[in-house]
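Spelled out, the chains give:
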Amino acid sequence: MSETELTAWGRDVRAALCPVCDWTYLLPAAARLPRCPHCFGAELEPVAEEVMQLPYVSPPELVLPFEVRPEELSQQVLRFAEGIPYPPEDLNPQALQSRLQPVYLPAWLVDVDAVAHWQAEVGFDYEVLSHQEQYSDAGSWRSREVKETRIRWEPRVGRLQRHYDNLPAPALERAAELMRDLGSYRVETARPYASNVVEHGLVRLPDRLADDAWRDAEPLLHAAAADECRQAARAEHVRDFRWAPQLQGRHWTLLLQPLYTTFYHDDAGQPQPVLIHGQTGKLSGVRRASLKRAQRIALILGGIAAAILLLSLIALVASVVLPPLALVGAIGIVLGIILGGAALIPLVRVWAFNRKPVSGGS
Ligand SMILES: [Zn+2]
């Protein structure tokens, strides 16, 4: 990490760490340290080392803008809450939207120069014309021309000297998990980094070393080189591409991907984080049903059941002097028992829902 890389952010920046979830962020040096926008479990703490010494700070190059509209977001929140029996009162679009925190997730971009001898088989499409005889409804044979595309394979060798730009690779250990829950990012809208980006959202710092990430970039480089050799041969296909490239001048930068984070309070008042894809609005978070709400409903139903049982008992006692009341009392007791049993249903539903494995998405 050099001085020039740090100035590439265009602002004085500092690093901060969440003591609960260990996520590290880069934010403007003058900014107040907020609550961790990933777990909302604690306030961020300044990182003891100078930012300069952090191994994972590389200059930003491209940024994907936030695209999701507020009304889209409300709909996604409603969909997220749907299917939760007795969702907590705090899990509503207004509350979630009022706590939105923009964050940028990093991905590595690597540039590299490659020199190599290569060999491959390249394929050319060609059409074969044949005739098919068909018996028609009119009662006669018809001949039909059929065009079929086949591939002619030819071996090729060559030498290649190329510069490759911006091969992507995950910069977070948990990137695969995050992308599985949220969905991946479309990179077509990427634009050059501008320094106001750090003012707009916290930048999550990579926790995966560039050397590690190279393993993911290498297959892409291989595929890109194979495709270029296909183009050079003016062929439609390529297979069995082999090369042993000499690679030089690997240069790592960052692509910043938009993410909103927010939370709702569960019954215990604990914040439950919700992550929202900044392009599609897809939500991911823990879905918790509210035992408190279920208990309230159970108490009301239980109270009504108790009242019916009490009245029925009075009716049964009174039936000693007024016999027709015995029937009323008996029906009342059955009703009361059924309603008393029904009062347990909300509690059982919440218990069963909250027992499900903790994961989510909408
Ligand atoms: Zn945290």
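Everything numeric in this text was worked out from a predicted model, so none of it was measured.

**Overview of the pairing of strand β5 (residues 101–135)**
In terms of strand pairing, β5 meets strand β10 (residues 246–265) through 14 bridges, oriented antiparallel. Counted as the bridge partner of D113 is Q248 from β10. In the sheet, β5 pairs with strand β6 (residues 141–170) via 28 bridges, with the strands oriented antiparallel. Considered in β6, the bridge of L109 is made with P168. For β5 and strand β9 (residues 237–243), the ladder comprises 5 bridges, and the chain directions are antiparallel. Residue pairing in the sheet places G123 in a bridge with H237 of β9.

**What to know about the domain arrangement of the chain**
Domain assignment breaks the chain into domain 1 (3–108 + 161–210 + 251–285) and domain 2 (291–355). Look at where the C-alpha atoms of domain 1 and domain 2 centre, and you get two points 51 Å apart. Taken together, the 7 residues of domain 1 in the interface contact 10 residues of domain 2. With both chains or domains summed, domain 1 and domain 2 bury close to 840 Å², and 58% of this area falls on carbon and sulfur atoms. Per-residue buried area on domain 1 facing domain 2 is highest for P85, Y86 and D267; these three make up 73% of the total on that side. Joining domain 1 to domain 2, the criterion identifies 4 residue pairs in polar contact (both at pLDDT 80 or more). Here the side of domain 1 that touches domain 2 is built from residues that sort into 4 nonpolar, 1 polar and 2 charged.

Rules used throughout
- Residues numbered from 1 in each chain as written.
- Predicted model: local features only at pLDDT ≥ 70, side-chain atom pairs only at ≥ 80, totals over all residues.
- Heavy atoms only, no water.
- Pairing = 2+ DSSP bridges.
- Helix = DSSP H or I, 4+ residues; strand = E, 2+ residues; numbered from the N terminus.
- Domains from an automatic or database assignment.
- Contact = heavy atoms within 4.5 Å.
- Buried area = accessible area lost by both parts, 1.4 Å probe.
- Polar contact = N/O pair within 3.5 Å; in protein donor to acceptor, adjacent residues only side chain to side chain.
- Nonpolar A, V, L, I, M, F, W, Y, C, P; charged D, E, K, R; others polar.

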